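# Residue-level structure breakdown
The primary structure of each chain is shown beneath.
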Amino acid sequence: MVAETPAESMMEADYFGQLARYNRWANARLYGAVAALPDEAYRRPIGLYFGSLHGTLNHLLGVDRLWLKRLTGEGEHPDRLDAIVHDNLHDLAQARVVEDERIIAVVSGYDASTLSRRHTYHTTSGQPQEQVLADILLHFFNHQTHHRSQAHTGLSIVTGAEPPSLDLLAFQRGAPAPDLSNLPD
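Note: strand S1 (residues 118-122) against strand S2 (residues 128-132), 5 bridges, orientation antiparallel. Each bridged residue has a counterpart across the sheet, and for Thr 120 the counterpart in S2 is Glu 130. The hairpin turn running from S1 into S2, its antiparallel successor, is 5 residues long, and Gly 126 in that turn takes a positive phi close to 90°.

This next bit is on the nonpolar core. Among the nonpolar cores identified, the biggest contains 22 residues, and Tyr 31, Val 34, Leu 37, Tyr 42, Leu 53, Leu 57 and Leu 155 are the most heavily contacted of them. Mapped onto this core, the elements with two or more residues apiece are helix H1 (6-35), helix H2 (39-43), helix H3 (53-72), helix H4 (89-108) and helix H6 (133-159). Among the elements that make up this core, the one with the highest residue count is H1 (5 residues). With residues up to four places along the chain from it excluded, the contact list for Tyr 42 reads Val 34, Leu 37, Ser 52, Leu 53, His 54, Leu 57, Asn 58, Leu 89 and Leu 92. Among the nonpolar cores identified, the runner-up in size contains 20 residues, and Leu 68, Tyr 110, Leu 133 and Phe 140 belong to it.

In this section: the packing of aromatic side chains. Across all of its chains, the model carries 7 aromatic pairs by this definition. With 4.9 Å between their ring centres and 75° between their planes, Tyr 49 and Phe 50 make a pair best called edge-to-face. Residue Tyr 49 is classed as exposed on the basis of its relative accessible area of 65%. Relative to Tyr 121, the ring of Trp 67 has its centre 5.0 Å away and its plane inclined at 65°; by these criteria the two rings are edge-to-face. In this pair, Trp 67 sits in helix H3 while Tyr 121 sits in strand S1, placing the two residues 54 residues apart along the sequence. Aromatic ring contacts, followed pair by pair, group Tyr 22, Trp 25 and Phe 171 into a single cluster. Above the ring of Trp 67, the side-chain terminus of Arg 70 is found at 4.4 Å from the ring centroid.

Cut-offs used in this document
- Residues numbered from 1 in each chain as written.
- Predicted model: local features only at pLDDT ≥ 70, side-chain atom pairs only at ≥ 80, totals over all residues.
- Heavy atoms only, no water.
- Pairing = 2+ DSSP bridges.
- Helix = DSSP H or I, 4+ residues; strand = E, 2+ residues; numbered from the N terminus.
- Core = buried A, V, L, I, M, F, W, Y, C linked by side-chain atoms within 4.5 Å.
- Buried < 20%, exposed > 50% of the residue type's maximum accessible area, 1.4 Å probe, protein only.
- Contact = heavy atoms within 4.5 Å.
- Phe/Tyr/Trp six-rings, centres within 6.5 Å; stacked < 30°, edge-to-face > 60°.
- Lys NZ or Arg CZ within 6 Å of the ring centre and 35° of its normal.

This is the structure:
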């Protein structure tokens, strides 16, 4: 195995920082588009894994909280993967903003040495697990992208139109995202 250079180590830490910032941006674009929907369309069962946009967005927030608890030992999370964390979209969006900032802060505290360490946690069924932290973060961000993609498709279904792009390249090129703190109640 070839030893990692300091530049490669720094790139890995920066990589996860970029994913955390991309996550915040993509969530803001997704929530901005969802906020324009009538409540009926937002809650309508449309065949997504968690039923509706409402169920999917709640799942994402709940699982992010679960993983952050596993990673930091702090914070609350629901006991079920299909839990409705917030029934009101405005409250859910505000909680999403807070959690996205928390994700950025947690990830920014990791250096290459920390990312290469094994991290122990328990699954939702109580089983002990141990993985390299970088691998956990890869899953964490991939999980978000997976379900955000489902919600993006859900937006297409309920609106009949193409939602705003959530492509990483659009983020990297500076496409704007709405300020979720200004969503109406």
